[in-house]
Amino acid sequence: MLVDYHWHTTRCGHASGTMQEYLNVARAKGLTEVGFADHIPMYWLKSNKIDPELAMSTTELPEYLAEVELLRRTNLDINIKLGLEVDFIPGHEATAKKILTALPLDYVLGSVHYLNDWGFDNPHLIHHYQEWDLLELYHCYFEQIRAAASSGLFDIIAHPDLIKKFGYRPQKEITEIYRQTARVFADSEVCVEINTAGLRVPAQEIYPSLAFLKLLHRYKVPVTTGSDAHKPEHVGQGFKEALQLLELAGYREITLFNKRQKSYCKI
Ligand SMILES: [Zn+2]
Ligand SMILES: [Zn+2]
């Protein structure tokens, strides 16, 4: 069994479909445990800097929680988890912690979408890749991902090699970067997300890559799965490929979350 723990909603401003439609697709595909993990309000910005096309607003957060609760009561055949996708922004850890501890979440996905102020996964800002030496960029990104894991804010590190999204990869071997990152993940006791959205973008590869996932397995880092659905058709997409990848890397079980507590389940 695989779970799909990474669904967005229209509240983030760049997703479509009703939440019930996501559940209908899950049911049709035979998924029995799923979770919404929409983008947290941009807690690190002043309100006049907030872009409504990137995340839900502060006032939408309680509505989001209430709708998940309602859907749980009307879709009793599917386990519906309550999650959030939370940006790791160095210097703003205390604010994130305060928001997260007050919410009845099953899990928190931690994401790095920004390096300094650059939203490197935003297709409108792709020209900035030209300004970087790619090996240096990868060092910078993975340093940030390790800091996210060490922060203790997150249960799951989402799309752990997102920096490859647009297909920019360094020529040089980066095994040591993966190894160092796997070690930090293991020490921080975080789980890693197998995110199939990488198949829908120029990277044409699940996050994380097989080479990275093999090292994560060697360091006994637990994993979970998600489609990063921004529309109902994305639900469960690429899960056949995810199963193959998990098997190749040696994984036999995935992690489930309830009220931020882990348990394990045979794949
Ligand atoms: Zn999104
Ligand atoms: Zn993300």
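Criteria and thresholds
- Residues numbered from 1 in each chain as written.
- Chains lettered and ligands numbered in written order.
- Predicted model: local features only at pLDDT ≥ 70, side-chain atom pairs only at ≥ 80, totals over all residues.
- Pairing = 2+ DSSP bridges.
- Helix = DSSP H or I, 4+ residues; strand = E, 2+ residues; numbered from the N terminus.
- Axes fitted to C-alpha atoms, helices over the stretch in contact; angles between N-to-C directions.
- Parallel < 35°, antiparallel > 145°, perpendicular 65-115°, else oblique.
- Left-handed = near helix turned anticlockwise from the far one by under 90°.
- Contact = placed C-beta atoms within 7 Å.
- Nonpolar A, V, L, I, M, F, W, Y, C, P; charged D, E, K, R; others polar.
- Buried ≥ 20, exposed ≤ 12 C-beta atoms within 10 Å, placed from the backbone.
- Right-handed = clockwise from strand over helix to strand, strands pointing away.
- Core = buried A, V, L, I, M, F, W, Y, C linked by C-beta atoms within 7 Å.
- Expected span 1.5 Å × (residues − 1).
- Arc of directions from axis to C-beta.

**Q** What should I look at first to understand the sheet that holds strand E7 (residues 156-157) in this one?
**A** Within a sheet, adjacent strands bond to each other through the backbone by hydrogen bonds, running parallel or antiparallel. Overall, parallel pairing links the seven strands, which are arranged E1-E2-E3-E4-E7-E8-E9 in an open sheet. Both outer strands of the open sheet, strand E1 (4-7) and strand E9 (223-226), are each paired with one neighbouring strand and no more. In this structure, strand E2 (residues 33-39) lies alongside strand E3 (residues 79-87), joined through seven bridges in parallel fashion. Pairing of Asp38 across the sheet is with Leu84, part of E3.

**Q** Even after reading the chapter, I still don't get the packing of helix H5 (residues 175-188) against helix H6 (residues 210-218), so can you show me in this structure?
**A** Direction vectors running N to C along H5 and H6 enclose 40°, while the axes themselves pass 9 Å from each other. Judged by the inter-axis angle, H5 sits oblique to H6. As for how H5 packs across H6, the hand of that crossing is right-handed. Side by side, H5 and H6 meet where Thr175, Tyr178, Arg179, Ala182 and Phe185 of the first sit next to Ala211, Phe212, Leu215 and Leu216 of the second.

**Q** Even after reading the chapter, I still don't get the packing of H6 against helix H7 (residues 239-249), so can you show me in this structure?
**A** Helix packing geometry: the angle between the two helix axes and the distance between the axes. As a packed pair, H6 and H7 sit with axes 9 Å apart at the nearest point and diverge in direction by 50°. Considering their axes alone, H6 and H7 lie oblique with respect to each other. Classified by chirality, the crossing of H7 by H6 is right-handed. Between H6 and H7, the contacting residues are Leu210, Leu213, Lys214 and His217 on the first element and Leu245, Leu248 and Ala249 on the second. In terms of residue class, the contact of H6 with H7 is built from five nonpolar, one polar and one charged.

**Q** What is the right way to look at the environment of Gly13 in this model?
**A** Looking at the element boundaries, Gly13 is found in the loop between E1 and helix H1 (19-28). For Gly13, a count of 15 C-beta atoms within 10 Å gives the class partly exposed. Apart from the residues lying within four places of it in its own chain, the contact partners of Gly13 are Pro52, Glu53 and Leu54.

**Q** Just to check I follow, could you spell out the pairing of E9 for this structure?
**A** Every other side chain in a regular strand lies on the same face of the sheet, so the side chains alternate between the two faces. Here E9 shows a buried face lined by Val223 and Thr225 and a second buried face lined by Thr224 and Gly226. Strand direction decides the pairing type here: strand E8 (residues 191-195) and E9, joined by four bridges, are parallel. Note that in E9 the partner of Asn195 across the bridge is Gly226. As a crossover connection, the stretch from E8 through H6 into E9 is right-handed.

**Q** Where do I start with unusual backbone geometry in this structure?
**A** Glycine aside, a negative phi is what most residues show, and trans is what most peptide bonds show. In this model, Tyr207 is joined to Pro208 through a cis peptide bond whose omega is -5°. On the secondary structure map, Pro208 appears in the loop between E8 and H6. Look at Lys220: it is not a glycine, yet its phi comes out positive at around 60°. One can find Lys220 in the loop between H6 and E9. Non-glycine residue Lys259 carries a positive phi angle of around 45°. Inspection of the secondary structure puts Lys259 in the loop between strand E10 (253-258) and strand E11 (261-266).

**Q** I tried to follow the nonpolar core on my own but got confused; where do I start?
**A** Soluble, globular proteins show a tendency: their nonpolar side chains are buried together. Core analysis: the largest hydrophobic core is formed by 69 residues, its most contacted members being Leu109, Ile156, Ile157, Phe185 and Val192. When residues in this core are grouped by element, the largest group, six residues, is from helix H4 (residues 134-150). Those residues in contact with Ile157 that sit more than four places away from it in its chain are Gly110, Ile145, Ala148, Ala149, Phe185, Val190, Val192 and Glu193.

**Q** Honestly, H5 in this entry has me stumped. Any pointers?
**A** Side chains three or four residues apart in an α-helix point the same way, a direct result of the helix having 3.6 residues per turn. For H5, spanning 14 residues, the distance from its first C-alpha to its last is 20 Å, which sits close to the expected 20 Å at 1.5 Å a residue. The complete set of buried residues in H5 reads Ile177, Tyr178, Thr181, Ala182, Val184 and Phe185. End-on view of H5: buried residues confined to an arc of 165°, all on one side of the axis. More than 90 degrees from the buried face of H5, the exposed residues found are Thr175 and Glu176. In this structure, the buried side of H5 is in contact with H4, E7, E8 and H6. Looking one or two places after H5, you find Glu189, whose phi comes out positive at around 60°.

**Q** Help me understand the environment of His92, please; the structure alone is not making it clear to me.
**A** By secondary structure assignment, the location of His92 is in the loop between E3 and helix H3 (93-101). Residue class for His92 comes out partly exposed when judged on the 13 C-beta atoms lying within 10 Å of it. Note: C-alpha distance between His92 and Glu33 (59 residues apart in sequence) is 32 Å. The residues touching His92, leaving out its near neighbours within four places in the chain, are Tyr43 and Trp44.

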